[in-house]
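Remarks on the overall topology
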Amino acid sequence: MKKMIFHSLAILMILIFSACSSGFLYTNMPPLEFSEINYGFDVRYSHTSPKLAYIDEGKGEVILLVHGLASNLGFWRYNIPELAKHFRVIAVDLPGYGKSDKGNYSYKMKFFANTLKQLLDELQIEKVNFIGHSMGGQIGIWFSILYPERVNKLVLASTAGIEKFNRGEGEWLKSVVTIRSVKSTNEEGVRRNLSNNFYNWRSELEWMVEERVRMAKAKDFDLFAQAVTRSVAGMIDEPTYDKLALIKSPTLIIYGENDGLIPNPYLHPGFPADVFKIGHQKIQNSILHEIKKCGHMIMMEKPDEFNKAVINFLKN
């Protein structure tokens with residue numbers, strides 16, 4: 001039976017890969033330095049240490065957008081214009097990512113939460129609506145626990161931090177994501193990894209592949225790879241499964257029906273709804289919203305439904 005399941009999964013992976021593969025289009029293109037990434041918005045820089053890059057659009061009540069693992073604030077490009085019609089939107093590059101400082105930091109979840117607090121202090125912002133995607137959601141959980149007075153409402157989008165890993169599983173996850181594995185992923189692997197974040201990959205998302213492939217030649221890529229591996233360890237070493245009940249802010253848990261990353265398909269094969277319902281049960285005053293026919297990158301795959309759900313939650 002196990003052999004049949006493995007064989008079926010292998011065929012499925014080949015079909016997915018074949019459907020998504022467009023060959024090597026960007027491998028021979030020039031390097032893309034992190035400072036050259038085009039987000040489509042004016043980028044500002046904090047005076048904090050580490051220095052953070054962020055965009056600041058719109059007026060009114062503040063939304064803080066925090067991206068997930070191995071990504072950057074550009075992953076919110078389909079949301080910022082609509083959200084900025086209703087709110088002041090601050091989207092940030094976490095330390096180690098995008099245009100923010102990269103260095104020998106811990107990259108643990110509390111470290112990220114503290115750097116975000118420093119940014120808000122500098123901008124003299126007392127309270128925010130914290131929206132975190134995936135790893136950004138786990139950072140949001142810690143931020144809400146450490147600084148509850150700074151959070152108005154919390155949005156956990158396809159969030160990490162609800163699925164529980166035992167010690168052995170956590171050590172295995174940390175061993176899988178290494179600096180070497182991040183650096184050695186070729187264009188086919190990059191496209192496959194990115195497409196697995198979506199229920200329906202579409203050609204307009206090819207910019208993600210080009211950005212990641214050309215970024216691999218950037219002079220700071222080793223530091224980025226270090227940030228990714230340490231961030232994975234940070235998520236494992238500072239779990240939040242047993243701390244969800246400490247969240248006091250009204251919370252929206254929003255996820256894709258077909259999330260291929262949560263639960264972990266290798267360690268906990270199952271349905272995303274089963275994981276996020278646990279979060280809903282543990283977090284008082286929480287709302288659960290499932291987006292149909294949607295993968296892990298909900299804010300990119302179904303931006304209209306995502307934006308509408310977030311705006312309705314924050315305004316009511």
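Per chain, the residues get numbers from 1 upward, laid out in the order the sequence is written. Local features in this predicted model are restricted to residues of pLDDT 70 or higher, and side-chain atom pairs are both shown and tallied only at a pLDDT of 80 or more, whereas totals for entire chains, interfaces and linings draw on every residue. Side-chain measures here rest on the full set of heavy atoms in the structure, leaving out hydrogens and waters.

As for the overall build of the protein
Stated formally: Numbering of helices and strands runs from the N terminus; a helix is a DSSP stretch of H or I covering at least four residues, while a strand is a stretch of E covering at least two. What the globule rule says is 2.2 Å times the number of residues to the power 0.38, and the radius of gyration is computed from C-alpha atoms. To sort residues, take the accessible area from a 1.4 Å probe on protein chains only and compare it with the maximum for the residue type: under 20% means buried, over 50% means exposed, and anything in between is partly exposed. Contact criterion: two residues are considered in contact whenever any of their non-hydrogen atoms come within 4.5 Å of each other. The Shrake-Rupley method, run with a 1.4 Å probe, gives the accessible areas here. Residue values count only the displayed protein chains as cover. A positive count includes Lys and Arg, and a negative count includes Asp and Glu. His and the chain ends are not counted in either. Here the site of a charge means NZ on Lys, CZ on Arg, CG on Asp, or CD on Glu.
Within the protein, the secondary structure is distributed over 12 helices and eight strands. A globule of 316 residues ought to have a C-alpha radius of gyration of about 20 Å, and the protein, at 19 Å, matches this closely. Judged by the C-alpha coordinates and their principal axes, the protein covers about 55 × 45 × 35 Å. Across the 316 residues in the protein, those meeting the buried criterion constitute 53%. Put simply, of all contacts in the protein between residues at least 6 apart along the chain, 77% involve residues at least 24 apart. Only carbon and sulfur atoms are counted for the fraction: they give 53% of the accessible area of the protein, which is about 14,500 Å². If you average the places of the 38 positive and of the 34 negative side-chain charges in the protein, the two averages end up 3 Å apart.

Quick notes on helix α8 (residues 206-215)
Structurally, the α-helix is built with 3.6 residues per turn, so residues lying three or four positions apart point the same way. Along α8, nine of the 10 residues are buried, which leaves the element largely enclosed by surrounding structure. Listed in full, the buried residues belonging to α8 are Glu206, Trp207, Met208, Val209, Glu211, Arg212, Val213, Arg214 and Met215. Check the buried side of α8 and you find it contacts α6 (179-184), α7 (187-195), α9 (221-237) and α11 (298-301).

Notes on the side chain of Arg191
Spelled out, the test is: The definition of a polar contact used here is a pair of N or O atoms within 3.5 Å, where within protein one atom must be able to donate a hydrogen and the other to accept one, and adjacent residues in sequence count solely through side-chain atom pairs.
Turning to its location among the elements, Arg191 is positioned in helix α7. For Arg191, a relative accessible area of 1% gives the class buried. Separated by 3.0 Å, the side chains of Arg191 and Glu206 make a polar contact.

Overview of the packing of aromatic side chains
As a reminder of what qualifies: Working definition: a ring pair exists when centres of Phe, Tyr or Trp rings (six-membered ring for Trp) sit within 6.5 Å. Plane angles under 30 degrees give stacked, over 60 give edge-to-face, the rest tilted. Charge-over-ring contacts are defined here by two conditions on Lys NZ or Arg CZ: a distance within 6 Å of the ring centre and an angle within 35 degrees of the ring normal.
This model, assessed by the stated rule, comprises 14 aromatic pairs. For the pair Trp76 and Phe306, a centre-to-centre distance of 6.4 Å together with 40 degrees between the ring planes defines the contact as tilted. With Trp76 in the loop between β3 (62-66) and α2 (80-83) and Phe306 in helix α12 (residues 303-315), this pair connects stretches of sequence that are 230 residues apart. Exposure class is identical for Trp76 and Phe306. Each is buried. An aromatic cluster is defined as three or more aromatic residues linked by ring pairs; in this entry it consists of Phe34, Tyr97, Phe221 and Phe224. One cation-aromatic arrangement involves Lys282 over Tyr241; the distance from NZ or CZ to the ring centre is 4.6 Å. One cation-aromatic arrangement involves Lys315 over Phe87; the distance from NZ or CZ to the ring centre is 5.1 Å.

Some details on the pattern of salt bridges
Once the charged atoms of two side chains with opposite charge are near each other, the side chains can pair. Applicable threshold: Salt bridges are counted wherever a side-chain nitrogen of Lys or Arg sits within 4 Å of a carboxyl oxygen of Asp or Glu.
If you walk through the whole model with that rule in mind, you get 15 salt bridges. Note that Asp121 and Arg150 form a salt bridge whose closest N and O atoms lie 2.9 Å from each other. On the criterion of sequence distance, the pair formed by Asp121 in helix α3 (residues 109-122) and Arg150 in the loop between α4 (135-146) and β6 (151-157) is long-range, its members being 29 residues apart. Judged by relative accessible area, which is 7%, Arg150 ranks as buried. For the salt bridge of Glu204 with Arg202, the shortest nitrogen-to-oxygen distance reads 3.3 Å. Classification of Glu204 as partly exposed rests on a relative accessible area of 48%. Looking at Arg202, the relative accessible area reads 24%, which means it is partly exposed. One network of salt bridges, with partners in common, ties together Lys108, Glu171, Lys174 and Asp237.

What about the pairing of strand β2 (residues 53-57)?
Just so we agree on the cut-off: What makes two strands pair is DSSP finding at least two bridges between them.
Judged by how many residues are buried, β2 sits mostly within the fold: four of five residues are covered. Pairing of β2 with strand β4 (residues 88-92), which is carried by four bridges, proceeds in the antiparallel orientation. Pairing of Asp56 across the sheet is with Ile90, part of β4.

Quick notes on the packing of helix α5 (residues 167-176) against α9
The test is simple: Interaxial angles span 0 to 180 degrees and are taken between N-to-C directions of axes, which are lines fitted to C-alpha atoms, for helices over the stretch in contact. In this scheme, roughly parallel covers angles under 35 degrees and roughly antiparallel covers those over 145, while 65 to 115 is roughly perpendicular and the rest are oblique. Any residue that is not Ala, Val, Leu, Ile, Met, Phe, Trp, Tyr, Cys, Pro, Asp, Glu, Lys or Arg is counted as polar, Gly included; the first ten are nonpolar and the last four charged.
Direction vectors running N to C along α5 and α9 enclose 175 degrees, while the axes themselves pass 9 Å from each other. As far as their axial angle goes, α9 and α5 are roughly antiparallel. Side by side, α5 and α9 meet where Gly170, Leu173 and Lys174 of the first sit next to Val232, Ala233, Ile236 and Asp237 of the second. Classifying every residue of the contact of α5 with α9 by side-chain character gives four nonpolar, one polar and two charged.

Describing the pairing of β4
By the criterion of burial, β4 is predominantly enclosed, with four of the five residues buried. Pairing analysis gives five bridges linking β3 to β4, with the strands arranged parallel. Looking across to β4, one finds that Ile63 is bridged to Val89.

Comments concerning α12
Filter applied, for reference: One less than the residue count of a helix, multiplied by 1.5 Å, gives the span that helix is expected to have.
Between its first and last C-alpha atoms α12 spans 18 Å; for 13 residues at 1.5 Å apiece the expected length is 18 Å, and the two agree. What α12 keeps buried is the set Pro303, Phe306, Asn307, Ala309, Val310, Ile311, Phe313 and Leu314.

Notes on the packing of α3 against α4
How we decide: Put simply, a crossing is left-handed when the front helix is turned counterclockwise from the back one by less than a right angle, and right-handed when it is turned clockwise.
Where α3 contacts α4, the two axes come as close as 9 Å, and the packing angle between them is 70 degrees. Classified by the angle their axes make, α3 and α4 are roughly perpendicular. Viewed along their axes, α3 and α4 form a crossing whose handedness is right-handed. Of the residues in α4, those in contact with Met109, Lys110, Phe112, Ala113, Leu116, Lys117 and Leu120 of α3 are Met135, Gln138, Ile139, Trp142, Phe143 and Leu146.

Remember that the coordinates give geometry; whether it matters functionally is a separate question.
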